[in-house]
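Architecture and fold: a report
For reference, the chains in residue letters:
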Amino acid sequence: MIKLNLYNTLQRRISIFQPIDQNNVRIYACGPTVYDFIHIGNARPLVVFDVLVRLLRIIYPKVTYVRNITDIDDKINKRAIEKKITISELTNETIKNFHKDALTLGNLKPDFEPKATDHISEMIEMIQTLISNGFAYFSSGNVLFAVEKYKNYGALSGRSLDEMISGSRVEVADYKENPGDFILWKPSSENLPGWDSPWGRGRPGWHIECSAMSKKYLGSQFDIHAGGLDLIFPHHENEIAQSCCANNSDIMANYWLHNGYVTSDGEKMSKSLGNFATINNLLLNFRGEAIRYALMQAQYRAPLSFSKKSLDEATKSLSRLYRATEGLEVNDGQDTQLIYNLCDDLNSPKALARLHYLADEANKGSKECAQKLKNSSNILGILCNSTDEWFKFREVNSNDKTENATITEKEIDELIIKRKIAKENKEFEKADQIRELLLEKNIQLEDKPDRTVWRRF
RNA sequence: GGCCCGAUGGCAGAGUGGUGAUGCAGCGGCCUGCAAAGCCGUUAACAGCGGUUCGAUUCCGCUUCGGGCCUCCA
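Residues numbered from 1 in each chain as written. Chains lettered and ligands numbered in written order. Predicted model: local features only at pLDDT ≥ 70, side-chain atom pairs only at ≥ 80, totals over all residues. Heavy atoms only, no water.

1. Some thoughts on the pattern of salt bridges
Applied cut-off: Take a side-chain nitrogen of Lys or Arg and a carboxyl oxygen of Asp or Glu: if they are within 4 Å of each other, that pair is a salt bridge.
Tallied over the full model, the rule gives 31 salt bridges. In the salt-bridge network here, residues are joined through shared partners; they are Arg323, Glu326, Glu446, Lys448 and Arg455.

Have a look at this one:
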């Protein structure tokens, strides 16, 4: 059995991954809150944990991957009012866009994709358990979790309750017994979405959904819980508190994985700063696969500098890999070294370097390395298309670059034949004119020993 | 204010107590009618100052700079 080393936020160190059940590895990743297009920062966990799931599936016979959708949230309510549409119109539209983006980035579908609004009863049940076990209390219409009642509160984020209080920059609501207490259930006015509950018509707090849904689909204890660095506190800390107290358990998940931020000019990319690029927008000019490649260029815990330039480089790198695997279909033989590289805490840069080594060998004539390259790239979710598809198609919506390049394949082929004849007649000026003409339409010609191929770029 | 992380060549980004990461860019050559692609070769880095060591980019300390969390966030 291959050893997978993973950094666990809970222990602040790397350790060998040991599943609870070798025959069913269970992983939960926090998915999007659906009120807007996802941006490149949201896409990072999507891609890196997709790679993790692919890797786990190589090592273990079965992996259950759950990624939720948060479709009840105050940001959603606010946005729906701003856009003068209903909440379900907003969430349905956003989910549709999210699925399209996730697919274009080459992600596998999770085994379960539960929505918060479909699990209100599970949340209410869990909150009731927390109240009856003395971990939660009712105050001014709200149900709150009493952090003091959970002895391990702060273990994940590495902070004590005292530190949190002394460092607090937030006004403390007067209905809280302890400043750190957080909401499990809150009342809804008539114009806001709400469900009947023992505490009146209301809606869940932010964290309870993940506790309820992970329990339903993965059990009260599972292997891996993943998400972005910014979810460590308070989201994951609170999830652990709720789940452990409701399930009378010491652990919620054994391994807590957190990806680093995507940065722009050295700063964290975030919605509040407004310095983000949506995937939807980037796809106007770049391929989804190139975005995916760019997201794997840094190890997942390190910050990742993102720029248009990094996407250009990713595109070039992918072109190189695609050239080296022209005409090959995926089969079984994967590269062991690449798997080892990934098993080193998902060291994707090391894995990509290995791909380029294989491409080198392939270009020097190694059929074996070319085949390994094709097969192994799939672990990273890249090189899944044919070389022809990569060079000839772009999954773009609308794009100046493409519109300018409007030329049919038939026209290109005809021009290639004309150029061939010109070359045979030593009319090189004419031949070069054809090449220039195509270049203006973003078509690059490559003369091979026996034929001429074209690439769109 | 409390806590935490980082600093590698032009850019991105691995790694290591004593040889070349890798990609993109650059330079020289081969190939080509010329290109493109490919191949061969090549330039170039470990923030600063101390310490440990035969030897430190790598370990330790300090300084400077940058970033993050403590509030919605991936």
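2. Some points on the pairing of strand β7 (residues 182–187)
Put simply, the rule is: In this scheme, strands are said to pair when DSSP sees at least two bridges between them. Secondary structure elements are taken from DSSP: a helix is a run of H or I of four residues or more, a strand is a run of E of two residues or more, and numbering for both begins at the N terminus.
Bridge analysis of strand β6 (residues 142–145) against β7 gives three bridges, and the strand direction is antiparallel. Bridge assignment links Leu144 to a residue of β7, and that residue is Ile183. Direction of pairing for β7 relative to strand β8 (residues 202–204): antiparallel, over a ladder of three bridges. Looking across to β8, one finds that Pro187 is bridged to Gly202.

3. What to know about the confidence of the model for chain A
For the record, the criterion: Confidence of the prediction at every residue is given by pLDDT, a number between 0 and 100. Every residue pair with non-hydrogen atoms within 4.5 Å of one another is taken to be in contact.
For chain A, mean pLDDT is 92; residues scoring 70 or higher make up 95% of the total. Below pLDDT 50 for its whole length, residues 397–404 participates in 13 contacts with residues either more than four positions away or in separate chains.

4. Quick notes on helix α9 (residues 288–295)
Short version of the rule: Relative accessibility thresholds used throughout: buried, under 20% of the residue-type maximum; exposed, over 50%; partly exposed, between the two (1.4 Å probe, protein chains only).
Counting buried residues along α9, eight of its eight residues qualify, which places the element largely inside the surrounding structure. By the burial criterion, the buried members of α9 are Gly288, Glu289, Ala290, Ile291, Arg292, Tyr293, Ala294 and Leu295.

5. Some words on the domain arrangement of chain A
Our working rule: Residue ranges assigned to each domain were obtained from an automatic or database domain assignment. By buried area we mean how much accessible surface two parts lose on assembly, using a 1.4 Å probe and totalling the loss over both.
The assigned domain composition of chain A is domain 1 (5–263), domain 2 (283–392) and domain 3 (405–456). Computed from C-alpha atoms alone, the centre-to-centre distance between domain 2 and domain 3 is 28 Å. Carbon and sulfur atoms supply 36% of the area buried between domain 2 and domain 3, which totals about 610 Å² over both sides. Contact with domain 3 buries surface across domain 2, with Glu326, Phe391 and Lys392 losing the most and accounting together for 79% of the total. Connecting domain 2 to domain 3 are three salt bridges.

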